[in-house]
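Coordinate analysis (summary)
What follows is each chain in one-letter form.
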There are 2 protein chains.
Amino acid sequence: MKALLLVAHGSRRAASNQEVRDLAARLRDLSGDRFGVVDCAFLEIAEPLIPEGIERCIARGAQEVVVLPYFLSAGRHVAEDIPRDVAGKQAEHPDVAIRIAPYLGAAEGVVPLLLEAAATGEAR
Amino acid sequence: MKALLLVAHGSRRAASNQEVRDLAARLRDLSGDRFGVVDCAFLEIAEPLIPEGIERCIARGAQEVVVLPYFLSAGRHVAEDIPRDVAGKQAEHPDVAIRIAPYLGAAEGVVPLLLEAAATGEAR
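Computed from a prediction, not measured in an experiment: that's the story for all the values here.

Opposite the 45 residues of chain B that make contact, chain A presents 45 residues. Carbon and sulfur atoms make up 64% of the area that chain B and chain A hide from each other, which totals about 3,700 Å². Of all residues in chain B, the largest losses of buried area upon contact with chain A belong to L72, L114 and L115 of chain B, amounting jointly to 18% of the total for that side. Taken together, chain B and chain A are joined by 14 residue pairs in polar contact (both at pLDDT 80 or more). When residues of the side of chain B that touches chain A are traced back to their parent elements, those giving at least two are strand 1 (2-8), helix 1 (14-30), strand 3 (64-69) and helix 4 (110-119) of chain B. Counting residues per element, the side of chain B that touches chain A draws most heavily on helix 4 of chain B, at ten residues.

Spelled out as structure tokens, the structure:
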């Protein structure tokens, strides 16, 4: 079974963390049967933290965990912090495949999506 | 003529600001003739700042400026700081229509885009 773990920075604003949880719920709805578990975790500030989020996926039976960074640029968080958390859990669970997907800002489709947002509210 | 101004936070990491500039260039390439000007600006730290970015669009002949927030959540920056900068410029240029598009995280298409990113590198 495959799990998808959306990973965001975490904010002191509860509403921002809730946006991430809502987004994970929408991912769950839209992902059909591609993932048996779809959940979210945070790099810092909010709960669950990434190691705990990965642990929960495995506890629910995931043999594969796709960690999906909800970040816009390849800063230290994407380049170092998330891989460090993942490597730690991978070492504890050599039988589970934990993979980091490209961060959102690197996704091909971000350009058409931005153009779509730019047209929102436009007079037709 | 219409201008599209991609607005990001701005980072101390030059590479992150460069990612935003590169993204603006890709937007320019993909937007066809919908915008006569496609550029980027930053809320803080990097140059140009938002007021200067809007000013440059107007100097290049824009009668309409679409400000597109490259942000993932509706925090203070999206809810207060960007609207404040825009309102200041709008007051100086009542003849130009300056409009704020939905921030990236609010775009409908972000969910399918995340699922696409999750599948990247996947065995087919």
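So that's the structure; there's more coming.
Our next topic: the sheet that holds strand 4 (residues 97-100) of chain A. Residues and elements named next belong to chain A. Spatial strand order, 2-1-3-4: four strands in an open sheet with parallel pairing. Strands at the two margins of the open sheet, each flanked by one partner only, are strand 2 (37-42) and strand 4. The sheet shows a mean angle of 20° between the axes of neighbouring strands, taken without regard to direction. Strand direction decides the pairing type here: strand 1 (residues 2-8) and strand 3 (residues 64-69), joined by six bridges, are parallel. By the bridge assignment, A3 is partnered in strand 3 with V65. Lying on the sheet, helix 1 (residues 14-30) is in contact with strand 1 and strand 2; it crosses strand 2 at an angle near 160°.

To continue, consider the confidence of the model for chain A. Overall, the prediction assigns chain A a mean pLDDT of 93, with 97% of residues at 70 or greater. Reported confidence for the predicted complex is 0.90 by ipTM and 0.88 by pTM.

All names here are of chain B. Burial of strand 2 (residues 37-42) is extensive: five of the six residues sit out of reach of the surface. Alignment of strand 1 against strand 2, held across six bridges, turns out to be parallel. Bridging from a neighbouring strand, A8 pairs with F42 of strand 2. Chirality of the crossover, the property in question, places the unit of strand 1, helix 1 and strand 2 among those that are right-handed.

This part covers unusual backbone geometry. All names here are of chain A. A cis amide bond links E47 with the next residue in sequence, P48, at an omega value of -5°. Within the secondary structure, P48 sits in the loop between strand 2 and helix 2 (50-59). Its identity as a non-glycine residue notwithstanding, I45 has a phi of 75°, on the positive side. Along the polypeptide, I45 turns up in the loop between strand 2 and helix 2.

Calculation rules
- Throughout, residues of each chain are indexed from 1 in the direction in which the sequence is written.
- Chains carry letters and ligands carry numbers; both start at the beginning, A for chains and 1 for ligands, and go up in the order they are written.
- Local features in a predicted model are, by the rule used here, given only for residues with pLDDT of at least 70; side-chain atom pairs are given and counted only at 80 or more, and totals for whole chains, interfaces and linings are based on all residues.
- With hydrogens and water excluded, all non-hydrogen atoms of the structure serve as input to the side-chain values.
- Contacts: residue pairs with any heavy atoms within 4.5 Å of one another.
- In this description, buried area is defined as the sum, over both parts, of the accessible area (probe of 1.4 Å) that is lost when the two are combined.
- The definition of a polar contact used here is a pair of N or O atoms within 3.5 Å, where within protein one atom must be able to donate a hydrogen and the other to accept one, and adjacent residues in sequence count solely through side-chain atom pairs.
- Numbering of helices and strands starts at the N terminus; helices are DSSP runs of H or I of at least 4 residues and strands are runs of E of at least 2.
- Strand pairing is defined by DSSP finding a minimum of two bridges between the two strands.
- Note on geometry: axes are lines fitted to C-alpha atoms, helical ones only across the stretch in contact, with angles between N-to-C directions running from 0 to 180 degrees.
- The quantity called pLDDT is the predictor's confidence in a given residue, expressed from 0 to 100.
- Throughout this description, buried means an accessible area under 20% of the type-specific maximum (1.4 Å probe, protein chains only), exposed means over 50%, and partly exposed covers the range between.
- Crossover handedness is defined here as right-handed if the route from the first strand over the helix to the second strand goes clockwise, with the strands pointing away from the viewer.

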